[in-house]
Amino acid sequence: MGDILFPLVLGFGFGFALQKAGLSKYNKIVNVFRFTDLAVLKFMMTTLAVAMVGVFALNTLGWIALPAIPSTYLVGNLVGGLIFGVGMAGAGF
Amino acid sequence: MLSLLKQKEWSPYLAGTLLGIVYIVSIAVAGIIPGASGAFENIGGLLAQAIYPALANNTYFKFVMPPGITFAVFIFLGIIVGAFVSAKLSGDFKLSSVPDPQWRRVFGTSVWKRWLVVFLGGIVLEFGAGIAGGCTSGLAIGGGLFLAPSAFIFIAAMFISGIPTAMLMYWRKY
């Protein structure tokens, strides 16, 4: 049950945060690529910074282990990102 | 507290902090970096197995993204509920087939045009995420918080292609 409930609760927080930031709206997503609304970047970087501090604090205290970190393969990350950007800017999701 | 939950829009710094806490809890409790795009690939793999199994018989679905009702799928379901509750609380919820106001003003109210762009854009986006190994959430944020090079290559790449795409779409229109 926890295997289902836990990710559902996480997802709830995830969706709630994104909606409250306005990132469920088309114009918020596309405008970051037009430099007219940088909410996406502010939101992303805040999440990144908060999570970074929290995860490494807990890890330094020895309470948690670090998960598998997304592996780096230059061509894949680069080409995938280039394709991804076209879709994201076009669809606005 | 309640008035905060009912606000239409939070500062991106506040909302970002909430998502940051979600990441910390997920990594601390389950040891999993939450992501959004993986769920579509898991479900896509299941559909492929059901409709035409040969489609799922490849390295990608066997080893990289095994089909199934995974952790990511439940996160995805939770996202829908969370966003719905947030929108309902603030009275921001409404059904519309064409996003407003910006899309309507620039590209008109044609439904098929918007749905075609979303459909194709969605395929391109998910295809790119599949190659890169994640999307904005799983790779850019989830990798970025460990200072993984993959995350920053991905973020740079998505802006390198996203900026001209948006600029071209809006060329002399707005």
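Bear in mind the structure is a predicted one, so any value in this text is a computation, not a measurement.

**Digging into the overall build of chain B**
Okay, so step 1: Within chain B, the secondary structure is distributed over nine helices and zero strands.
Okay, so step 2: Counting only residues that meet the buried cut, chain B has 37% of its 174 residues in that class.
Okay, so step 3: At a minimum sequence separation of 6, the contacts of chain B that also span at least 24 residues come to 52%.

**Observations concerning the overall build of chain A**
Okay, so step 1: Counting its regular elements, chain A contains four helices and zero strands.
Okay, so step 2: The order of α-helices and β-strands along chain A, N terminus first, is α-α-α-α.
Okay, so step 3: Since a compact globule built from 93 residues should have a radius of gyration of about 12 Å, the 16 Å found for chain A marks it as more spread out than a globular shape.
Okay, so step 4: Along the first, second and third principal axes, the C-alpha atoms of chain A reach 45 × 35 × 25 Å.
Okay, so step 5: Scored against the burial criterion, the 93 residues of chain A give a buried share of 49%.

**Some words on the interface of chain A and chain B**
Okay, so step 1: Taken together, the contact pairs 63 residues of chain A with 82 residues of chain B.
Okay, so step 2: Every element with two or more residues in the side of chain A that touches chain B is listed here: α1 (2-20), α2 (26-32), α3 (39-60) and α4 (74-91) of chain A.
Okay, so step 3: Looking at the side of chain A that touches chain B, the element that brings in the most residues is α4 of chain A, giving 17 residues.

**So, helix α9 (residues 149-169) of chain B**
Okay, so step 1: Taking 1.5 Å as the rise per residue, α9 of chain B with 21 residues should run 30 Å; its terminal C-alpha atoms sit 30 Å apart, in good agreement.
Okay, so step 2: Taken as a whole, α9 of chain B has its buried residues at S150, A151, I153, F154, I155, A157, M158, S161, G162 and A166 of chain B.
Okay, so step 3: In this structure, the buried residues of α9 of chain B make contact with α2 and α4 of chain A together with α7 (111-132) and α8 (136-144) of chain B.

**Regarding the packing of α1 of chain A against helix α2 (residues 12-29) of chain B**
Okay, so step 1: Between α1 of chain A and α2 of chain B, the least distance of the axes is 8 Å, while the angle of their chain directions is 165°. One finds that α1 of chain A runs roughly antiparallel with respect to α2 of chain B. α1 of chain A and α2 of chain B meet at a crossing whose hand is left-handed. Residues F6, L10, G13, F14, A17 and K20 of chain A of α1 of chain A form the contact with α2 of chain B, whose own contacting residues are A15, L18, L19, V22, V25, S26 and V29 of chain B.
Okay, so step 2: Residue composition of the contact of α1 of chain A with α2 of chain B, grouped by class: 10 nonpolar, two polar and one charged.

**Structural notes on the confidence of the model for chain B**
Any segment with low pLDDT has predicted coordinates that should not be analysed in fine detail.
All names here are of chain B.
Okay, so step 1: Summing up the model confidence of chain B, the mean pLDDT is 92 and the portion of residues at 70 or higher is 99%.
Okay, so step 2: Ranking the elements of chain B by mean pLDDT puts helix α4 (residues 59-64) last with 86 and α2 first with 97.
Okay, so step 3: Listed scores for the predicted complex are pTM 0.93 and ipTM 0.95.

**Some thoughts on the environment of R105 of chain B**
Okay, so step 1: Examined against the element boundaries, R105 of chain B turns out to sit in helix α6 (residues 102-107).
Okay, so step 2: Along the backbone, R105 of chain B and I79 of chain B are 26 residues apart, and their C-alpha atoms lie at a distance of 29 Å.

**Some thoughts on unusual backbone geometry**
Okay, so step 1: Positive phi, normally seen in glycine, also occurs at F35 of chain A, with a value near 60°.
Okay, so step 2: Within the secondary structure, F35 of chain A is located in the loop between α2 and α3.
Okay, so step 3: A positive phi angle is found at L147 of chain B, which is not glycine, with a value near 55°.
Okay, so step 4: Tracing the sequence through the fold places L147 of chain B in the loop between α8 and α9.

**Remarks on α1 of chain A**
Okay, so step 1: Over its 19 residues, α1 of chain A runs 26 Å from end to end, which matches the ideal 27 Å to within 8%, given 1.5 Å per residue.
Okay, so step 2: Here α1 of chain A has its buried residues at P7, L10, G11, F12, G13, F14, G15, F16, A17, L18, Q19 and K20 of chain A.

**A short note on the packing of α8 of chain B against α9 of chain B**
All names here are of chain B.
Okay, so step 1: For the pair α8 and α9, interaxial distance at closest approach is 7 Å and the crossing angle is 130°. Here α8 is positioned oblique relative to α9, judged by the angle of their axes. In the crossing of α8 with α9, the sense of the turn from one axis to the other is left-handed. Facing L139, A140, G143 and G144 of α8, the residues of α9 in contact are S150, A151, F152, F154 and I155.

**Looking at the environment of A30 of chain B**
Okay, so step 1: Among the secondary structure elements, A30 of chain B is positioned in the loop between α2 and α3 (37-51).
Okay, so step 2: On the neighbour-count criterion, A30 of chain B (16 C-beta atoms within 10 Å) is partly exposed.
Okay, so step 3: Residues A30 of chain B and Y60 of chain B lie 30 residues apart in sequence; the distance between their C-alpha atoms is 24 Å.
Okay, so step 4: In contact with A30 of chain B, other than residues within four places in its own chain, are F6 of chain A together with F71 of chain B.

Thresholds, definitions, all that
- Residues numbered from 1 in each chain as written.
- Chains lettered and ligands numbered in written order.
- Predicted model: local features only at pLDDT ≥ 70, side-chain atom pairs only at ≥ 80, totals over all residues.
- Helix = DSSP H or I, 4+ residues; strand = E, 2+ residues; numbered from the N terminus.
- Buried ≥ 20, exposed ≤ 12 C-beta atoms within 10 Å, placed from the backbone.
- Contact = placed C-beta atoms within 7 Å.
- Rg over C-alpha atoms; globule rule 2.2 N^0.38 Å.
- Expected span 1.5 Å × (residues − 1).
- Axes fitted to C-alpha atoms, helices over the stretch in contact; angles between N-to-C directions.
- Parallel < 35°, antiparallel > 145°, perpendicular 65-115°, else oblique.
- Left-handed = near helix turned anticlockwise from the far one by under 90°.
- Nonpolar A, V, L, I, M, F, W, Y, C, P; charged D, E, K, R; others polar.
- pLDDT = per-residue confidence, 0-100.

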